[in-house]
Amino acid sequence: MTAPVRSAHAAEPEVVKVNLGTRSYDIVIGRGVADSLGARIAALRPGAKTFVVTDENVARQILPAILGTLGRAGVKTDSIVVPPGESSKSFPVFERVCEAIVAARIERGDLVIALGGGVIGDLAGFAAAVVRRGLDYVQVPTTLLAQVDSSVGGKTAIDSSHGKNLIGAFHQPILVVADTALLDTLPVREFRAGYAEMAKYGLLGDAAFFDWLDANRKEVFAGGNSSGGSARDHAIAVSCRAKAAIVARDERETGDRQLLNLGHTFGHALEAACGYSDQLLHGEAIAIGMALAFEFSASRQGLCSKAEAARVIRHLAAAGLPTRIQDIAPPPPSIGELMELIAQDKKIKCGRLTFILVRGIGDAFIETGVDAGEVRAFLSEKLSEQ
Ligand SMILES: NC(=O)c1ccc[n+]([C@@H]2O[C@H](COP(=O)([O-])OP(=O)(O)OC[C@H]3O[C@@H](n4cnc5c(N)ncnc54)[C@H](O)[C@@H]3O)[C@@H](O)[C@H]2O)c1
Ligand SMILES: [Zn+2]
């Protein structure tokens, strides 16, 4: 992964392949690559109609350009715009999207296009999975989180009243087009939240990438220029390659794919405690979760050095991310509530929990026998810190 950032004249997009046999697909990454979306779709599926699903914010910023590229390539298209935010991953909005796809006479062989962040990717992907018993779809991720994580790997879902992402399907896209210039309009808080997932790939399996991020974080945030080859593009490509490799090994998360949940057991509990509101974005929860996973591995399990845990926390904090439960305002949840939420997220079997723990930066592993009492003691200690 330590390949140098491409030089200024290398404007060719980066293509990462997700190898899943007959369901393999390309992730095309670069500044301005969305301009080629129409031509790519026309080449991949000659004569296919498309149906774009997007949200109000993205419709304002990006939809006209997307309709433009499709139109120039002679690709017929219809679209639906839903409200932004997690509340669109609901049955009522899902129903509207499915009915709109049917009403637009999108048939087998045609394509759904998910244009937006993870919310739109999950919602449109799930609609594509079920309308007419399965339509192909293309992901055009517009948030950093979606470009490095949710648009790759085929997990699609809406939320249940019992919890997030409980109703869904595995349904791989046939193409992902990640235009890194689209991130220029993303609020910095959303960019940071995506950055937490990017750092995760270094922390879980690629120490050299983490070192590179440590040296180049500011350039990743700054983006790049129209000549391409920016640090941001490089970091997104490395992240996609990491996710693609794990998904290719374990598409349905029966093994290795669980490593992608580094920081997520603590993180999900904190998100749930905050009611999945803007109080704590997913990536922010994961930043705290990863900091806790490193500290837990260091102080309670003796697996990793305290210096490495401190380095991870310094890095995330320098990126503007929260790293302590106390960073959440208003005040953090009680220990009882947190333990209950952790137990709901990952069933406790005989007092044992499954956690992704670390031996150091870039060396995460799945531990199925974590003592729930140890976790409780650790969290109590963290909550009592000033
Ligand atoms: N399927 C998976 O593998 C997977 C993985 C991780 C997360 N997720 C899901 O992803 C969702 C979160 O995704 P997200 O963080 O992208 O949130 P999001 O889709 O809600 O987008 C965040 C906000 O940014 C706005 N936005 C999007 N693109 C923009 C742009 N280019 N410029 C300006 N504003 C823009 C959106 O309208 C929204 O308000 C959650 O529902 C989570 O469950 C899924
Ligand atoms: Zn995540």
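The notes below deal with the structure included here. (Residues numbered from 1 in each chain as written. Chains lettered and ligands numbered in written order. Predicted model: local features only at pLDDT ≥ 70, side-chain atom pairs only at ≥ 80, totals over all residues. Heavy atoms only, no water.)

**Observations concerning the coordination of the zinc ion (ligand 2)**
Around the zinc ion (ligand 2), the protein contributes the donor atoms Glu-197 (OE), His-264 (NE2) and His-282 (NE2), which lie 1.9 to 2.1 Å from the metal centre. Going along the chain, you hit the donors of the zinc ion (ligand 2) in the pattern E-x66-H-x17-H. Residue Glu-197 is found in helix H7 (residues 188-205), and its partner His-282 is found in helix H11 (residues 282-300); the two are separated by 85 residues along the sequence. For His-282, a relative accessible area of 23% translates into the label partly exposed. (Donors = N, O, S within 2.8 Å, 3.2 Å for Na, K, Ca; no water. Helix = DSSP H or I, 4+ residues; strand = E, 2+ residues; numbered from the N terminus. Buried < 20%, exposed > 50% of the residue type's maximum accessible area, 1.4 Å probe, protein only.)

**Concerning the layout of surface pockets**
One number sums up the size of the second largest pocket: a volume of about 150 Å³. Tyr-201, Gly-205, Asp-206, Ala-242 and Ile-246 are the residues nearest the centre of the second largest pocket, which is lined by 12 residues in total. No other element matches helix H9 (residues 231-249), which puts six residues into the lining of the second largest pocket. Tallied by class, residues from the lining of the second largest pocket come to eight nonpolar, one polar and three charged. (1 Å grid on protein atoms, 1.4 Å probe; cavity = no way out; pocket = protein on both sides within 12 Å on 5 of 7 lines; lining within 4 Å. Points joined across faces, edges and corners; volume = space filled by probe spheres on them. Nonpolar A, V, L, I, M, F, W, Y, C, P; charged D, E, K, R; others polar.)

**Considering the packing of H7 against H11**
Relative orientation of the contacting elements H7 and H11 amounts to 35 degrees, with a least axis distance of 7 Å. Every pair of crossing elements has a handedness; the one defined by H7 and H11 is left-handed. From H7, Arg-189, Ala-193, Ala-196, Glu-197, Lys-200 and Leu-203 reach across to H11, where they touch His-282, Gly-283, Glu-284, Ile-286, Ala-287, Met-290 and Phe-294. Its residues placed into classes, the contact of H7 with H11 shows seven nonpolar, two polar and four charged. (Axes fitted to C-alpha atoms, helices over the stretch in contact; angles between N-to-C directions. Left-handed = near helix turned anticlockwise from the far one by under 90°. Contact = heavy atoms within 4.5 Å.)

**Considerations on the site of ligand 1**
Ligand 1 sits among 25 residues. The nearest are Asp-55, Glu-86, Thr-142, Thr-143 and Thr-185. Contact distances for ligand 1 include 2.6 Å between an oxygen atom and a side-chain N or O atom of Thr-143. In the model, an oxygen atom of ligand 1 is placed 3.0 Å from a nitrogen or oxygen of the Lys-164 side chain. When isolated, ligand 1 has an accessible area of 860 Å², and the protein chains bury 88% of it. (Near = heavy atom within 4 Å. Polar contact = N/O pair within 3.5 Å; in protein donor to acceptor, adjacent residues only side chain to side chain. Areas by Shrake-Rupley, 256 points an atom, 1.4 Å probe, with all protein chains shown as cover.)

**Some details on the packing of aromatic side chains**
Scanning the model with the defined rule gives nine aromatic pairs in all. On the basis of an interplanar angle of 75 degrees and a centroid distance of 6.5 Å, the ring pair of Phe-266 and Phe-296 is categorised as edge-to-face. Taken as a pair, Phe-266 in helix H10 (residues 264-273) and Phe-296 in helix H11 lie far apart in primary sequence, 30 residues in all. Classification of Phe-266 by relative accessible area gives buried; the value is 3%. Among the aromatic side chains, those forming a connected cluster through ring pairs are Phe-266, Phe-296, Phe-355 and Phe-378. Looking at Lys-200, its charged tip hangs above the ring of Tyr-201, at a distance of 5.6 Å from the centre. (Phe/Tyr/Trp six-rings, centres within 6.5 Å; stacked < 30°, edge-to-face > 60°. Lys NZ or Arg CZ within 6 Å of the ring centre and 35° of its normal.)

These figures come from the coordinates and say nothing about function on their own.
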